[in-house]
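Observations on the three-dimensional arrangement
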Amino acid sequence: MVENKAVQIEDSWYELLKEEFQQPHFQAIRNRLLQDKAKGIQVYPPGRLIFNAFNLVPLDKVKVVIIGQDPYHNPGAAMGLSFSVPNGVKIPPSLRNIYKELNRDIDFRIPEHGDLTKWAKQGVFLLNAMLTVEHKKAGSHQKIGWQLFTDAVISKLSDEKKRIIFMLWGNFAKSKKDLIDENKHVILEAYHPSPLAGNRFQGCGHFSKTNEVLINNGQQPIDWSL
């Protein structure tokens with residue numbers, strides 16, 4: 001356990017990112033969140049869940065990375081994991097389409113909840129590019145410094161690890177491709193699962209492809225069931 005950490009985040013991630021926490025952009029993020037709190041502005045997810053993706057998947061356990069954009073901006077929905085919502089919260093449209101593709105791809109039984117914690121505990125790193133958002137204001141924290149931080153996370157993962165499978169869904173996630181060394185990692189690209197993309201996410205086969213790669217690498221496949 002690392003003592004006197006600047007940020008409450010799982011130890012292996014802290015060691016990897018401790019220089020990032022000293023950067024001006026991270027201080028700007030901290031200041032903005034403190035200012036919003038002082039003004040009574042509601043920000044999601046709650047502070048204890050901002051680094052939930054990191055805390056559920058230690059660095060040496062990362063097998064798969066799924067990149068989202070920013071947290072859900074409705075009360076109780078954001079939980080620090082991309083695309084995931086807590087049990088009891090209505091399943092968002094994009095996640096419904098993810099479930100449909102899972103069902104088509106691997107005969108997945110569609111659950112009645114949207115909590116993806118089980119995936120995280122198996123090494124699926126559910127990273128949003130922005131880790132916070134204001135109440136009812138989608139994209140409101142896109143320019144406060146989070147992208148500089150999460151781009152560094154992706155770059156460091158690429159540099160420090162081997163054979164990670166990166167799922168890049170939609171143009172925003174695909175824009176992160178340049179941060180990843182394709183000679184060391186596997187990149188799977190698809191349309192975004194949002195209904196705005198029509199049904200073009202369907203048929204990507206990313207979940208069976210991921211398990212095929214993991215098995216070929218001598219790793220335990222992901223149990224996608226929820």
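Each remark here, short or long, concerns the structure printed above.
As a starting point, this report considers the structure included with it. Remember, it's a predicted structure, so these values are computed and weren't measured experimentally.

Criteria and thresholds
Residues numbered from 1 in each chain as written. Predicted model: local features only at pLDDT ≥ 70, side-chain atom pairs only at ≥ 80, totals over all residues. Heavy atoms only, no water. Helix = DSSP H or I, 4+ residues; strand = E, 2+ residues; numbered from the N terminus. Rg over C-alpha atoms; globule rule 2.2 N^0.38 Å. Buried < 20%, exposed > 50% of the residue type's maximum accessible area, 1.4 Å probe, protein only. Contact = heavy atoms within 4.5 Å. Lys, Arg positive; Asp, Glu negative; His and termini not counted. Charge placed at Lys NZ, Arg CZ, Asp CG, Glu CD. Phe/Tyr/Trp six-rings, centres within 6.5 Å; stacked < 30°, edge-to-face > 60°. Axes fitted to C-alpha atoms, helices over the stretch in contact; angles between N-to-C directions. Parallel < 35°, antiparallel > 145°, perpendicular 65-115°, else oblique. Left-handed = near helix turned anticlockwise from the far one by under 90°. Salt bridge = Lys/Arg side-chain N within 4 Å of Asp/Glu carboxyl O. Expected span 1.5 Å × (residues − 1). Arc of directions from axis to C-beta. Core = buried A, V, L, I, M, F, W, Y, C linked by side-chain atoms within 4.5 Å.

Scanning the protein for helices and strands turns up eight helices and six strands. Along the protein, helices (α) and strands (β) appear in the sequence α-α-β-α-β-α-α-β-β-α-β-α-β-α when read from the amino end. Whereas a compact globule of 226 residues would reach a radius of gyration of roughly 17 Å, the protein reaches 17 Å, a difference of no more than 12%. Along the three orthogonal principal directions, the C-alpha set of the protein runs to about 50 × 35 × 30 Å. By residue count, 50% of the 226 residues in the protein fall in the buried class. Within the protein, counting contacts between residues at least 6 apart in sequence, those at least 24 apart form 67% of the total. Placing the 29 positive and 24 negative side-chain charges of the protein at their respective mean positions leaves the two points 5 Å apart.

Turning to the packing of aromatic side chains, a few remarks are in order. For any pair of aromatic rings, geometry is given as the distance between the ring centres together with the angle between the planes. Summed over the entire model, instances satisfying the criterion amount to 21 aromatic pairs. A ring pair is formed by Trp-169 and Phe-201, whose centres lie 5.0 Å apart and whose planes are at 75°; its orientation type is edge-to-face. Of this pair, Trp-169 sits in strand 5 (residues 165-169) while Phe-201 sits in the loop between strand 6 (186-190) and helix 8 (206-216), placing them 32 residues apart in sequence. Here Phe-201 falls in the buried class, since its relative accessible area comes to 1%. Through a chain of ring-to-ring contacts, the aromatic side chains of Trp-13, Tyr-14, Phe-21, Phe-26, Phe-51, Phe-54, Phe-125, Trp-146 and Phe-149 assemble into a single cluster.

Right, let's talk about the packing of helix 2 (residues 24-38) against helix 6 (residues 146-160) for a bit. Packed helix pairs are characterised by how far apart their axes lie and by the angle those axes make with each other. For the pair helix 2 and helix 6, interaxial distance at closest approach is 8 Å and the crossing angle is 130°. Comparing their axes, helix 6 and helix 2 come out oblique. Helix 2 and helix 6 meet at a crossing whose hand is left-handed. In contact with His-25, Phe-26, Ile-29 and Leu-33 of helix 2, helix 6 contributes Trp-146, Leu-148 and Phe-149.

A word on the side chain of Lys-161. Mapping Lys-161 onto the fold places it in the loop between helix 6 and strand 5. Buried charge without a partner: Lys-161 forms no salt bridge, and the closest opposite charge is Asp-60, 6.3 Å away. For Lys-161, the contacting residues outside a window of four places in its chain are Leu-59, Asp-60, Lys-61, Val-62, Lys-156, Lys-184 and His-185.

Now for helix 2. Its 15 residues place the ends of helix 2 21 Å apart at the C-alpha level, agreeing with the 21 Å of an ideal helix rising 1.5 Å per residue. The set of residues buried in helix 2 consists of His-25, Phe-26, Ile-29 and Asp-36. Along the long axis of helix 2, the arc covered by the buried residues comes to 105°, so they all point the same way. The exposed set on the far side of helix 2, more than 90 degrees from its buried face, consists of Pro-24, Leu-34 and Ala-38.

Tracing the backbone shows Asp-11 in helix 1 (residues 11-17). On the basis of relative accessibility, which here comes to 23%, the residue Asp-11 falls in the partly exposed class. Along the backbone, Asp-11 and Phe-54 are 43 residues apart, and their C-alpha atoms lie at a distance of 9.6 Å.

One finds Trp-13, Phe-51, Phe-54, Phe-125, Trp-146 and Phe-149 to be the most contacted residues of the largest nonpolar core, which totals 63 residues. For Phe-149, the contacting residues outside a window of four places in its chain are Leu-17, Glu-20, Phe-21, His-25, Phe-26, Phe-51, Phe-54 and Leu-131.

This part covers helix 6. Between its first and last C-alpha atoms helix 6 spans 21 Å; for 15 residues at 1.5 Å apiece the expected length is 21 Å, and the two agree. Every buried residue belonging to helix 6 is among Trp-146, Phe-149, Thr-150, Ala-152, Val-153, Ile-154, Leu-157 and Ser-158, and all of these are buried. For helix 6, the secondary structure elements touched by its buried residues are helix 1, helix 2, helix 3 (52-56), strand 2 (64-68), strand 3 (124-128) and strand 5.

We now examine unusual backbone geometry. A negative phi angle is the norm for most residues apart from glycine, just as the trans form is the norm for most peptide bonds. Following Tyr-44, the chain continues into Pro-45 via a peptide bond in cis, with omega recorded as -10°. Along the chain, the position of Pro-45 falls in the loop between strand 1 (43-44) and helix 3. At Asp-107, a residue that is not glycine, the phi angle is positive and equals roughly 60°. Structurally, Asp-107 is set in the loop between helix 4 (93-106) and helix 5 (117-120). With phi around 60°, Arg-163 is a residue other than glycine that occupies positive phi space. Relative to the elements of secondary structure, Arg-163 occurs in the loop between helix 6 and strand 5.

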